[in-house]
Amino acid sequence: SDIPVIGIYGDRDCSVPPGDGSDVYNEVCDDDGYLYVDAFHQHRLWASDHGCSVGMTHPAQYEYNIPGRNEIRCASHCNPDDGVPFSVDCRNDAEHGKEPWHLDAVLKFFEDHYNSRTN
């Protein structure tokens, strides 16, 4: 069965930089040589593998809102009119680390996804 994915990334995170879609890989800020796959490209591939029509526009073409979570901006390559997207790229103005509301946003996404598939 298909597994949905949500990513929450800090725009100012230089430990695991989410990127802006311009490069497939992003280098960390401390010059230790680690490269991370750009979040835009990760979600683009996941959406494509789940039958969504993807493009190269960053942020992704479709806005996706998580009820009650105004701290983040989420986008998807999957059209939310077709149901809860399989891949959602969420960003907020933060550095690296967890915020108290992260778990709530993730649980709401999976709850919405589950409810949309069982109704």
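Everything here concerns the structure above.
About the criteria used
- Residues numbered from 1 in each chain as written.
- Predicted model: local features only at pLDDT ≥ 70, side-chain atom pairs only at ≥ 80, totals over all residues.
- Heavy atoms only, no water.
- Patch = residues over 30% accessible without salt bridge, like charges linked within 9 Å, V, L, I, M, F, W, Y side chains within 5 Å.
- Areas by Shrake-Rupley, 256 points an atom, 1.4 Å probe, with all protein chains shown as cover.
- Salt bridge = Lys/Arg side-chain N within 4 Å of Asp/Glu carboxyl O.
- Buried < 20%, exposed > 50% of the residue type's maximum accessible area, 1.4 Å probe, protein only.
- Helix = DSSP H or I, 4+ residues; strand = E, 2+ residues; numbered from the N terminus.
- Expected span 1.5 Å × (residues − 1).
- Contact = heavy atoms within 4.5 Å.
- Pairing = 2+ DSSP bridges.
- Axes fitted to C-alpha atoms, helices over the stretch in contact; angles between N-to-C directions.

Caption draft 1: Molecular detail of a nonpolar patch on the surface. Together, V24, Y25, L35 and V37 give the surface a local cluster of nonpolar side chains, amounting to about 370 Å² of exposed area. Looking at V37, the relative accessible area reads 34%, which means it is partly exposed.

Caption draft 2: Layout of helix α2 (residues 102-118). Its 17 residues place the ends of α2 25 Å apart at the C-alpha level, agreeing with the 24 Å of an ideal helix rising 1.5 Å per residue. In this structure, the buried side of α2 is in contact with β1 (5-10), β4 (62-64) and β6 (87-92).

Caption draft 3: Region of the structure containing the pattern of salt bridges. Per the stated rule, a full pass over the model turns up four salt bridges. A salt bridge links D89 to R91, with the nearest nitrogen and oxygen atoms 2.7 Å apart. Each of the two residues, D89 as well as R91, counts as buried. Three or more residues are tied together by salt bridges with common partners; here these are R12, D93 and E95.

Caption draft 4: Local environment of the sheet that holds β4. Read across the open sheet, the four strands follow the order β1-β6-β5-β4; overall the sheet is mixed. Edge positions in the open sheet fall to β1 and β4, since each of these has one partner strand only. Recorded for the sheet is a direction-independent mean angle of 30° between the axes of neighbouring strands. Packed on one face of the sheet, helix α1 (residues 39-49) meets β1 and β6 and runs near 160° to β6. Lying over the sheet, α2 contacts β1, β4 and β6, oriented at roughly 155° with respect to β1.

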